[in-house]
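Inside the fold
Next come the chains, spelled out residue by residue.
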Amino acid sequence: MEDLDPEEARALVDPALKLMIDAVHRFDGYIVQSTGDGIFALFGAPVAHEDHPQRALYAALRMQDEMRRYSAKLREAGNPPIEARVGINTGEAVVRTIKTGDATTEYTPIGHSTSLASRMQTLAPTGSIAVTETTEKLCAGYFNFKALGPTRVKGVSEPINVFEVTGLGPLRTRLQRAAGRGLTKFVGRDREMEALGHSAQRAQTGRGQIVAAMAEAGTGKSRLFFEFKARNQSGWMVLETFSVSHGKASAYFPVLDLLHVYFRINAEDDIRTRREKVNGRIVTLDPTLEDTRPYLFGLLGLVEGEDPLAQMDGQVRKRRTLDAIKRILLRESLNQPLIVIFEDLHWIDEETQGFLNLLVDSIANTKILLLVNYRPEYSHHWNSRTYYTQLRLDPLGKESADEMLSALLGNDSELASLKRVIIEKTEGNPFFMEETVQVLLDEGALVRNGTMRLTRPISELKIPPTVQGILTSRIDRLPPDAKELLQTLSAIGREFAWSLIRSVVPKPEDDLNRMLNDLQLGEFIYEQPAVGDTEYVFKHALTQEVSYNSLLVERRKLLHERIGAALETIYTNSIEEHLDELAHHYGRTGNTAKALDYYERAGRLAVQRSAYTDGMKLLATAIDLLTRLPEGPERDAREFGLQTLLGPVLMMTRGWAAPETEQVYRRAQALAESGGTSAQQFALLSGLFGGAYVGGRFAEAQEWADEMRTFVRRHLEPQFLLELHHFEWSFAFSTGEPLEAQRHVETGLAFYEANPDSVPATPYSAHHPAVCGHVWGAMVFWLSGYPEKARRHVEKGVALARKVGHSPSLVFGLFHQAQIHQITGEVKLALETAEAAVALAEKDGAPLFEAWARVLRGWALAQLGQVQDGIAQISEGIAAAAATGAEMWRPNNLFQLAEALGKANRIDDGLDTLNEALQAIKSHGERWWEAEIHRLRGELLLSRSPSDRAEAEASFNRALEIARRQGAKSLELRASMSLAQLLRDTDHRDKVRAMLAQIYGWFTEGFDTADLKDAKALLDEPA
Ligand SMILES: Nc1ncnc2c1ncn2[C@@H]1O[C@H](COP(=O)(O)OP(=O)(O)OP(=O)(O)O)[C@@H](O)[C@H]1O
Ligand SMILES: [Mg+2]
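Quick look at the structure, then. What you are looking at is a predicted structure, and each value in this text was computed from that prediction instead of being measured.

1. Remarks on the site of ligand 1
Every one of the 22 residues lining ligand 1 counts as a neighbour, but Gly218, Lys221, Arg223, Arg375 and Glu434 are closest to it. Valine 187 is positioned with one of its backbone polar atoms (N or O) 2.8 Å from a nitrogen atom of ligand 1. A distance of 2.7 Å separates an oxygen atom of ligand 1 from a polar atom in the backbone of arginine 223. Starting from 630 Å² of accessible surface for ligand 1 in isolation, the protein chains cover 98%.

Quick look at the structure:
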């Protein structure tokens, strides 16, 4: 080229550029830039196409093809040939729009994705096409690739795998590609299969049928036909073809494809072979059809020499061509019934549509079953035909979706919640489900290792690029103003009221109504009944998400600010009901002051309404937003208030001793200087106490307790006084002083009766102190020998929790109710109540109580004979409790495990577990169940071997001694019984009987409980 003068060179290069530009346009690409010797094009933007990666490759192949032809011509003319290099990458890009003077708009993509494409271009060998791995992944199968190896690219840390495109691949449709991956087990669709079968039967008897399957992308239209075909092929000839998304510009594409299949023409066949194949087939079919040959040759591009039809009028020729094909099909159906499948009519070109209309008109009395499918945007005029059936496919129902996901993911219970999230997000669209799973696999979040396993918890699912492509291209087919409205609506949310739309969108009402109507017709949104206003809802959550994502950041901010302001105006009188929305919208603007305000208010309200999980998120966001305000005492004071409010919420949603909770209180401690109200100061102390107490650091807890006592002496407010009793009874109970605990329970509850308003809306330790007074009181009373009183208290506690409507307190109450049933050996009741506690804790997000209640459930199951399952559940519960940082209650949990292990005859494991419990008691000082642990140790030793009698007796005596020291009469009774049984045939018999009689005689109530009945039976044994 260097030898040519610039003008000559231009004359050679310009036509080449023109060829390249044409190739881009043919596949609906957008030319961003045309430099002197190259072009830069975009596919999928500014207008989205679901198959934009493929389009880019089709265009590239066409370009190279055209360039080769052009070069050959140049060479013939004695000019130097021209060769081009093409580079392609696929990825997200921000497309900047520039309005140029003459009312046109230019689009420029910016970002890493585009520079990677130019980089590929420089890497491509001359005359070839180089693509990144991302593009290769999306297009594999549709095209063939050759790996060029990994290459370092500036600005990217990992080397990038580069591929060369070598030509078209074997696959054409998405379903074929899915089949390559392995089709998912076919589920549901019984009704549709039956309808297809019915139509086939009719067609077989000479009453031709058309069946149309209509559904949105990915619902399973192609798969339905595929399955039907697979089950009904024998005796039929099946011919199938499909339109392609860029097909409107290629006339007859599906018809040509159909003919190629019918005449068995391959890509490698030369013209002569092709002509022979057509000839041969027609002659065998029916020699009277020979007159169709010139038309077929013409259409298939097989004319050799002069075209005999050259003089014919274009319209006439076209009609006769279509007629020729029709005649061949009808004739073929005389030999055997025929299934003709036309897929994806929503992309059909006009000529093929003409052929289809002709065919539809002629099949009524033939053995032809015509199957077509399309998405809802396509329409036709066949509805009035008596031989026409439409099948409208719905997304898979819950059951089928579950079945499909089980086929994809297996049945591991660990994946249950992932399955739920996938179904929720994809709303049962099978393609979306498959792609979502595939993305998780590609990312390594899911691994297939015999079974499917998650490598990390999934909090949010990404929208797969394939799904994103489908949805954006649907949105982009809307007129620009309707698209803009849809984006605005997506910023409002999944649902939106007419009154709000009107104040957010500055358009005349009529226009707005018309556009909303269009969006409804396009099935983007639905109208739904509402009181006093018209409400709309996005048909798919995913459409909303994709539409929202397509908004640029600046515009998003602007929209959210407008929506926030509109909400404030519309709901001036009921702002409380809209705090969440306001927080959401202002949180997405630059208006920190308002955002903070609404997050804080919404958070407080949520907590007040005992929606702790929501409250936690809202308050945490508020605290985050605070950091955007200038530092200073004012900010510190505000943060102190927020942290001390968030603390109790986290006690429930994360656990008292969880790192997150403790961090909040440590931060609050650092802010305490800023002052705050006495309630906030007290909240801080109870948080510090609670963390140490539940975390098993009893010595530290004692120090905080002292501070609290001092604090309350200085602030004699009812709420603090009640809390004082609350932590006193808790601590006394835990440290093995039931009598002291009892005193505080009695005074505390009496105080509450007299001061029912002494409980703040957000209790300091996340549960209502009087509910605690009753249910812990129940344990205290039971321990100190009042089973009847215990029963009454636990019922009162649960009833109170229900009455005050504080859900965390109800979780707390139910758990303790189950615990009482465990302690008293009421197995069935323990199981029922534990189950209720697990369910509620799970629903509300209270992990510690969920874990503890699981332990109880496991214990009950073991007692009922499901020993293995029981042990597993107890162990899981213990681990889950520990994961929240909790050490408290561990001795009792281990006791339950040891008891279940004993049932399984794993005595040594049981004894080890009890040793662990004793270790925990020793290091923390949690003593309320200590006596029982020694007693069970004795029982397990006895069941292991009679030779351990002496040690067992020592354990029972130890239990007895501890129970007596603590004043735990019920435990003293149990220890005495164990001893009496052990020694019933020895010289000590009378002595222990007397001891048992004495403690039994102490009791004044609860004679119908198991322990007292057993004791009586033992005493009644004849001497
Ligand atoms: N009933 C089903 N059971 C299991 N898998 C299914 C079912 N229906 C569809 N699939 C799977 O979901 C994916 C999408 O289905 P299919 O290609 O048939 O959708 P479509 O409606 O034809 O979409 P499009 O409009 O984009 O052509 C395929 O991989 C298919 O195997
Ligand atoms: Mg399909």
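That was the structure; now back to the text.
2. Focus: the packing of helix α6 (residues 190-204) against helix α7 (residues 221-231)
At a closest axis distance of 11 Å, the pairing of α6 and α7 adopts a crossing angle of 55°. The orientation of α6 relative to α7 falls into the category oblique. Read as a crossing pair, α6 and α7 show a hand that is right-handed. Here Glu192, Met193, Leu196, Gly197 and Ala200 of α6 lie close against α7, whose contacting residues are Leu224, Phe225, Glu227, Phe228 and Arg231.

3. Structural notes on the side chain of serine 243
Along the polypeptide, serine 243 turns up in the loop between β10 (237-242) and α8 (253-262). Polar contacts involving the side chain of serine 243 include one to the main-chain carbonyl oxygen of aspartate 344, which spans 3.4 Å. Apart from residues lying up to four places away in sequence, serine 243 is in contact with Pro254, Glu343, Asp344, Leu345, Trp347 and Ile348.

4. What about unusual backbone geometry?
In this model, alanine 45 is joined to proline 46 through a cis peptide bond whose omega is -5°. Note on placement: proline 46 falls in the loop between β2 (38-42) and α2 (52-76). For aspartate 28, which is not glycine, the phi dihedral falls at a positive 60°. Assignment of secondary structure puts aspartate 28 in the loop between α1 (6-26) and β1 (30-35). Exposure remark for aspartate 28: the relative accessible area of 41% places this residue in the partly exposed category.

5. Digging into the packing of helix α33 (residues 807-823) against helix α34 (residues 827-844)
For the pair α33 and α34, the least separation of the axes is 8 Å and the interaxial angle reads 155°. Between α33 and α34, the angle falls in the class roughly antiparallel. Two packed elements cross with a definite hand, and for α33 against α34 that hand is left-handed. Listed contacts from α34 to Ser807, Pro808, Leu810, Val811, Leu814, Phe815, Gln817, Ala818, His821 and Gln822 of α33 are Leu829, Ala830, Thr833, Ala834, Ala836, Ala837, Leu840, Ala841 and Asp844. Looking at side-chain class alone, the contact of α33 with α34 contains 13 nonpolar, 5 polar and 1 charged residues.

6. Remarks on a nonpolar patch on the surface
Taken together, Val94, Ile110 and Leu552 make up a surface patch of nonpolar side chains, about 240 Å² in accessible area. Mapped onto the fold, leucine 552 is located in the loop between α20 (541-549) and α21 (553-570). For leucine 552, a relative accessible area of 45% gives the class partly exposed.

7. Comments concerning the packing of aromatic side chains
Tallying each qualifying case throughout the model produces 42 aromatic pairs. Between tryptophan 382 and tyrosine 388, the ring centres sit 6.4 Å apart and the planes meet at 70°, which makes this aromatic pair edge-to-face. Both residues of the pair, tryptophan 382 and tyrosine 388, belong to the buried class. With a centroid separation of 4.8 Å and an interplanar angle of 35°, the aromatic rings of phenylalanine 733 and tryptophan 928 are classed as tilted. With phenylalanine 733 in helix α29 (residues 718-734) and tryptophan 928 in the loop between α38 (907-924) and α39 (930-944), this residue pair connects regions lying 195 residues apart in the sequence. On the accessibility criterion, tryptophan 928 (2% relative accessible area) is buried. Through pairs of rings, three or more aromatic residues link up here, namely Trp656, Phe733, Trp776, Phe812, Phe815, Phe849, Trp852, Trp889, Phe895, Trp928 and Trp929. Against the face of phenylalanine 431 rests arginine 174, its NZ or CZ located 3.8 Å from the ring centre. Positioned over the ring face of tyrosine 548 is arginine 556, at 4.6 Å from the centre of the ring.

8. Let's talk about the pattern of salt bridges
One pass over the full model with this rule turns up 68 salt bridges. For arginine 944, the salt bridge goes to aspartate 948, with nearest N and O atoms at 3.2 Å. Its relative accessible area of 40% is what places arginine 944 among the partly exposed residues. Given a relative accessible area of 14%, aspartate 948 falls into the buried group. Note that lysine 1016 and aspartate 1020 form a salt bridge whose closest N and O atoms lie 3.0 Å from each other. Placement of the pair is lysine 1016 and aspartate 1020 together in helix α43 (residues 1010-1020), with a separation of 4 residues, close to one helical turn. By relative accessible area, which is 38% here, lysine 1016 ends up partly exposed. A cluster of three or more residues bridged by salt bridges with shared partners is formed by Glu932, Arg935, Glu939, Arg974 and Asp1011.

9. Some points on the sheet that holds strand β8 (residues 160-168)
The 4 strands are arranged β3-β6-β8-β7 in an open sheet whose pairing can be described as mixed. Two strands lie at the open edges of the sheet, namely β3 (86-88) and β7 (143-151), each paired on one side alone. Taken over all neighbouring pairs, the strand axes of this sheet differ in orientation by 30° on average, direction set aside. Sheet analysis places strand β6 (residues 129-132) next to β8, joined by 3 bridges and oriented antiparallel. The residue bridging valine 131 from the neighbouring strand is phenylalanine 163, located in β8. Together, β3, β6, β7 and β8 form the strand contacts of helix α3 (residues 112-123), whose direction differs from that of β3 by roughly 145°.

10. Quick look at the environment of glutamine 201
Position of glutamine 201 relative to the elements: it lies in helix α6. When its relative accessible area of 51% is taken as the criterion, glutamine 201 is described as exposed. For glutamine 201 and alanine 705, which are 504 residues apart along the polypeptide, the C-alpha to C-alpha distance reads 84 Å.

11. Side note on the pairing of strand β11 (residues 338-343)
Taking burial as the measure, the 6 residues of β11 include 6 buried ones, the bulk of the element. A two-sided burial pattern is seen for β11, the buried positions comprising Leu338, Val340 and Phe342 on one face and Ile339, Ile341 and Glu343 on the other. As paired strands, β10 and β11 are joined by 6 bridges and run parallel to one another. Paired with valine 238 across the strands is isoleucine 339, a residue of β11.

12. Structural notes on the pairing of β6
Where burial is concerned, the two faces of β6 agree: the one with Ile129 and Val131 and the one with Ala130 and Thr132 are both buried. As paired strands, β3 and β6 are joined by 3 bridges and run parallel to one another. Bridging across to β6, glycine 87 finds its partner in alanine 130.

13. As for the sheet that holds strand β18 (residues 535-538)
One open sheet accounts for 3 strands, arranged β16-β18-β17; its pairing is antiparallel. Edge positions in the sheet fall to β16 (495-497) and β17 (525-528), since each of these pairs with one other strand and no more. The sheet shows a mean angle of 30° between the axes of neighbouring strands, direction not considered. Relative to β18, β17 is paired through 4 bridges, and the arrangement is antiparallel. Paired with tyrosine 526 across the two strands is valine 537, which belongs to β18.

14. Brief notes about the nonpolar core
Counting 200 residues, the largest nonpolar core has Leu489, Ile525 and Trp776 as the members making the most contacts within it. Here leucine 489 is in contact with Phe496, Ile501, Leu516, Leu519, Ile525 and Phe538, once residues within four sequence places are set aside. Counting 43 residues, the second-largest nonpolar core is a separate cluster that includes Leu259, Ile363, Tyr378 and Tyr388.

15. What to know about helix α22 (residues 579-586)
Along α22, the residues that are buried comprise Leu579, Leu582, Ala583, His585 and Tyr586. Considering only its buried residues, α22 is in contact with α17 (480-492), α21 and α23 (592-608).

16. With respect to helix α31 (residues 769-783)
Relative to the 21 Å expected for 15 residues at 1.5 Å per residue, α31 spans 20 Å between its end C-alpha atoms, a close match to the ideal helical length. The sharpest bend along α31 measures roughly 25° and falls at glycine 777. Judged by how many residues are buried, α31 sits mostly within the fold: 15 of 15 residues are covered. Immediately beyond the C-terminal end of α31, within one or two residues, lies glycine 785, with a positive phi of roughly 100°.

Criteria and cut-off values
- Residues numbered from 1 in each chain as written.
- Chains lettered and ligands numbered in written order.
- Predicted model: local features only at pLDDT ≥ 70, side-chain atom pairs only at ≥ 80, totals over all residues.
- Heavy atoms only, no water.
- Near = heavy atom within 4 Å.
- Polar contact = N/O pair within 3.5 Å; in protein donor to acceptor, adjacent residues only side chain to side chain.
- Areas by Shrake-Rupley, 256 points an atom, 1.4 Å probe, with all protein chains shown as cover.
- Axes fitted to C-alpha atoms, helices over the stretch in contact; angles between N-to-C directions.
- Helix = DSSP H or I, 4+ residues; strand = E, 2+ residues; numbered from the N terminus.
- Parallel < 35°, antiparallel > 145°, perpendicular 65-115°, else oblique.
- Left-handed = near helix turned anticlockwise from the far one by under 90°.
- Contact = heavy atoms within 4.5 Å.
- Buried < 20%, exposed > 50% of the residue type's maximum accessible area, 1.4 Å probe, protein only.
- Nonpolar A, V, L, I, M, F, W, Y, C, P; charged D, E, K, R; others polar.
- Patch = residues over 30% accessible without salt bridge, like charges linked within 9 Å, V, L, I, M, F, W, Y side chains within 5 Å.
- Salt bridge = Lys/Arg side-chain N within 4 Å of Asp/Glu carboxyl O.
- Phe/Tyr/Trp six-rings, centres within 6.5 Å; stacked < 30°, edge-to-face > 60°.
- Lys NZ or Arg CZ within 6 Å of the ring centre and 35° of its normal.
- Pairing = 2+ DSSP bridges.
- Core = buried A, V, L, I, M, F, W, Y, C linked by side-chain atoms within 4.5 Å.
- Expected span 1.5 Å × (residues − 1).
- Bend = angle between axes of the 7 residues up to and from the residue.

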